[in-house]
Amino acid sequence: MTSKERQNNMETIMRAKSLQGSITIPGDKSISHRAVMFGAMANGTSKISNFLPGDDCLSTISCFTKMGVQIEQVGTSVIVHGRGIDGLQEPSELLDVGNSGTTFRLMMGVLAGRPFHSVLAGDNSIAKRPMNRVSIPLLEMGAKIDGRENGTYAPITIRGGQIKGIHYSSPVASAQVKSAILLAGLQASGTTSVTETHRSRNHTENMLESFGVNVVRDGLTVSVEGGQRLLATDVEVPGDISSAAFFLVAGAIVPESTITLLNVGINHTRSGIIDVLEQMGADLTIKNRRVINQEKVADLTIKTSDLSGITIEGEMIPRLIDEIPVIALLATKAKGKTVIRNAEELKVKETNRIDAVVHALNQLGANIVGTEDGMVIEETERLTGSTLSSLGDHRIGMMLAVAGCITESELKLENPEAIKVSYPGFFEHMKQLRVNS
Ligand code: S3P
């Protein structure tokens, strides 16, 4: 139906009668990036299964390929032939991360300790995102880093080499910042530690341990000793809760729905969406809990239910930062008012997600006011269709596609291909679950 339209940069979404059935959620983006990176830095061959073949993770593969690492990728299977961190070679071309902030910032940490010159760049969105949150601590460690506006914006050039461990108190709860510093720390002299304001996602810590690295965790501080080697290991990637979130919300708000999402990672540092759904009164069941490579996984069943507005703030924010666009949509269907605060980080995501969400949902008839650090969302009885763009932001695109399942008239989504960044099969899954009449 839609693949042709998608090529013409437009996807039409009709109101759904209900959603029924089950889907297997594709691999986690954060974990897929790290599996490739750590495999490339390790000695030996690492096999990755359930890898996410989204554009962002493919950018990570391409960057390491340009540094001489042999990586075989067929769909969701990847084999990384690591030659150790010292085996990375100076790239003779630009390292293009596309739209991927995670690739960019984690690579900065890897490159800070490599004795060669490299240049990192990406698309228009990447060029607007602040990279000084990573260059500041890496400069303190002794790496030579430059970029537009004093090392703030891409393209960023790095000449790494001998670096020393630091203790860094990060002003932002960011796993990208924490991970970049720890990856540089593995190549630095002495100990490197990072203290956060709130705990951000901990996949780097978990996976470094699987690759044989000793990681010390003490409250909000994580430390590594320099000089440790990574040993190749196989990684099975759990499903991405940030992708599942779109269907969790869809299941909660599309009338008479019951859907099951299989193989979803429910790591506590990522599972804020589950807490929010439960606090709002959603009908959510968590089954088949298990652990894969230190990551908790489960199957989630969601049914339509009445919802109530809540306040989302503080330590909860990093646990659901990527889910806020779709939580805003959820909140339009929750009785009363939902307040989101302490989420100023939204302004420096793939788009300014406070502005993007407020503008898009208000266009559909919602009643949302943007604030300095979040938004206030009132319940809206009816959302109406419109023509809106993803703005090149995958999560805005998917939020709008879910909104289209409940708008009174059809929703036309421009630039839907942005969704391939994190969920290449999104529209196929939506089609599979939809009951149209
Ligand atoms: C990510 C960390 C988060 C998140 C991003 C992925 C990661 O960004 O928003 O989608 O894989 O480390 P910040 O570190 O900027 O919070």
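What counts and what doesn't
Residues numbered from 1 in each chain as written. Predicted model: local features only at pLDDT ≥ 70, side-chain atom pairs only at ≥ 80, totals over all residues. Heavy atoms only, no water. Helix = DSSP H or I, 4+ residues; strand = E, 2+ residues; numbered from the N terminus. Rg over C-alpha atoms; globule rule 2.2 N^0.38 Å. Buried < 20%, exposed > 50% of the residue type's maximum accessible area, 1.4 Å probe, protein only. Contact = heavy atoms within 4.5 Å. Areas by Shrake-Rupley, 256 points an atom, 1.4 Å probe, with all protein chains shown as cover. Lys, Arg positive; Asp, Glu negative; His and termini not counted. Charge placed at Lys NZ, Arg CZ, Asp CG, Glu CD. Near = heavy atom within 4 Å. Polar contact = N/O pair within 3.5 Å; in protein donor to acceptor, adjacent residues only side chain to side chain. Nonpolar A, V, L, I, M, F, W, Y, C, P; charged D, E, K, R; others polar. Domains from an automatic or database assignment. 1 Å grid on protein atoms, 1.4 Å probe; cavity = no way out; pocket = protein on both sides within 12 Å on 5 of 7 lines; lining within 4 Å. Points joined across faces, edges and corners; volume = space filled by probe spheres on them. Pairing = 2+ DSSP bridges. Axes fitted to C-alpha atoms, helices over the stretch in contact; angles between N-to-C directions. Buried area = accessible area lost by both parts, 1.4 Å probe. Salt bridge = Lys/Arg side-chain N within 4 Å of Asp/Glu carboxyl O.

## Some thoughts on the overall build of the chain
- Along the backbone of the chain there are 14 helices and 26 strands.
- Taking 22 Å as the expected radius of gyration for a compact globule of 437 residues, we find that the chain reaches 21 Å, a close match to that expectation.
- Taken along its principal axes, the extent of the C-alpha atoms in the chain is 60 × 40 × 40 Å.
- Looking at the chain residue by residue over its 437 residues, the buried ones come to 59%.
- Across the chain, contacts joining residues at least 24 apart in sequence account for 75% of those joining residues at least 6 apart.
- Surface accessibility of the chain: about 15,800 Å² in total, with carbon and sulfur atoms responsible for 47%.
- The centroid of the 43 positive side-chain charges in the chain is displaced by 2 Å from the centroid of its 48 negative side-chain charges.

## Structural notes on the site of the ligand
- Neighbouring residues of the ligand: Lys29, Ser30, Arg34, Thr102, Arg105, Ser174, Ala175, Gln176, Arg201, Ile321, Asp322 and Lys349.
- Between the ligand and Ser30 there is a distance of 2.7 Å, counted from an oxygen atom to a side-chain nitrogen or oxygen.
- Take Lys349: an N or O atom from its side chain is 2.7 Å from an oxygen atom of the ligand.
- Compared with its free state, where it exposes 380 Å², the ligand has 95% of that area covered by protein.
- Listing elements by their share of the shell around the ligand, those giving two or more residues are helix H2 (29-41), helix H4 (101-112) and helix H7 (175-185).
- Partitioned by chemical class, the residues of the shell around the ligand number 2 nonpolar, 4 polar and 6 charged.
- Both domains that furnish three or more residues to the shell around the ligand are identified here as domain 1 (3-27 + 238-435) and domain 2 (29-236).

## Considering helix H13 (residues 394-403)
- Counting buried positions over the 10 residues of H13 gives 10, a clear majority of the element.
- Between a side-chain oxygen at the N-terminus of H13 and the backbone nitrogen of Arg395 the separation is 3.0 Å; the capping residue is Asp393.

## Quick word on the layout of surface pockets
- Its boundaries defined by the atoms lining it, the largest pocket holds a volume of some 570 Å³.
- Lining the largest pocket we find 34 residues, and of these Ala173, Ser174, Ile321, Glu345 and Lys349 sit closest to its centre.
- Contributing elements (two or more residues each) for the lining of the largest pocket: H2, H4, H7 and H13.
- Of the residues assigned to the lining of the largest pocket, the class counts are 9 nonpolar, 11 polar and 14 charged.
- Residue contributions to the lining of the largest pocket reach at least three from each of two domains, namely domain 1 (3-27 + 238-435) and domain 2 (29-236).
- In this structure, the second largest pocket occupies an estimated 240 Å³ of space.

## Regarding the sheet that holds strand E21 (residues 337-340)
- Read from one edge to the other, the open sheet built from 4 strands follows the order E19-E21-E23-E22, with strand pairing classed as mixed. Each having just a single partner strand, strand E19 (311-312) and strand E22 (367-371) make up the two edges of the open sheet.
- Two strands pair when backbone bridges link them, and E22 and strand E23 (residues 374-378) are joined in this way by 5 bridges, in the antiparallel orientation. Bridge pairing links Asn367 to Glu378 in E23.
- Sheet contacts for helix H11 (residues 324-331): E19, E21 and E23; angle to E23, the most-contacted strand, approximately 20°.

## Looking at the domain arrangement of the chain
- Domain boundaries assigned for the chain yield domain 1 (3-27 + 238-435) and domain 2 (29-236).
- Each of domain 1 and domain 2 has a C-alpha centre, and these two points are 28 Å apart.
- Across the contact, 29 residues belong to domain 1 and 30 residues belong to domain 2.
- Between domain 1 and domain 2 the total buried area reaches about 2,500 Å² when both faces are included, carbon and sulfur atoms providing 45% of it.
- There are 4 salt bridges connecting domain 1 and domain 2.
- Summed over the shared surface of domain 1 and domain 2, the number is 16 residue pairs in polar contact (both at pLDDT 80 or more).
- When its residues are assigned to classes, the side of domain 1 that touches domain 2 shows 8 nonpolar, 11 polar and 10 charged.

## Remarks on the sheet that holds strand E24 (residues 387-389)
- Sheet architecture is open: 3 strands sit in the order E1-E25-E24, paired in mixed fashion. Strand pairing shows two members of the sheet lacking a second neighbour, strand E1 (10-13) and E24, which therefore form its edges. Strand after strand, the sheet turns through a mean of 25° between neighbouring axes, direction not considered.
- Relative to strand E25 (residues 411-414), E1 runs antiparallel, the two sharing 4 bridges.

## Focus on the pattern of salt bridges
- Scanning all chains against the criterion turns up 23 salt bridges.
- Ionic pairing is found between Glu345 and Arg133, a salt bridge with its closest N-O pair at 2.9 Å. With a gap of 212 residues between them, Glu345 in the loop between E21 and helix H12 (353-363) and Arg133 in helix H5 (residues 132-141) connect regions that are remote in the sequence. This pair shows no difference in class: Glu345 is buried, exactly as Arg133 is.
- With a shortest N-O distance of 3.2 Å, Arg201 and Asp322 are connected by a salt bridge. Here Asp322 lies in the loop between E19 and H11 and Arg201 lies in the loop between strand E11 (191-195) and helix H8 (203-210), a separation of 121 residues in the sequence. Side by side, Arg201 and Asp322 carry an identical accessibility label, which is buried.

## A few points about H8
- With 6 of 8 residues buried, H8 is to be regarded as a mostly interior element.
- Taken as a whole, H8 has its buried residues at His203, Thr204, Glu205, Asn206, Met207 and Leu208.
- The inward-facing, buried residues of H8 abut H2, H7, strand E12 (215-218), strand E13 (221-225), strand E14 (235-236) and strand E17 (295-303).
- Positive backbone phi, at 85°, marks Gly212, one or two positions downstream of H8.

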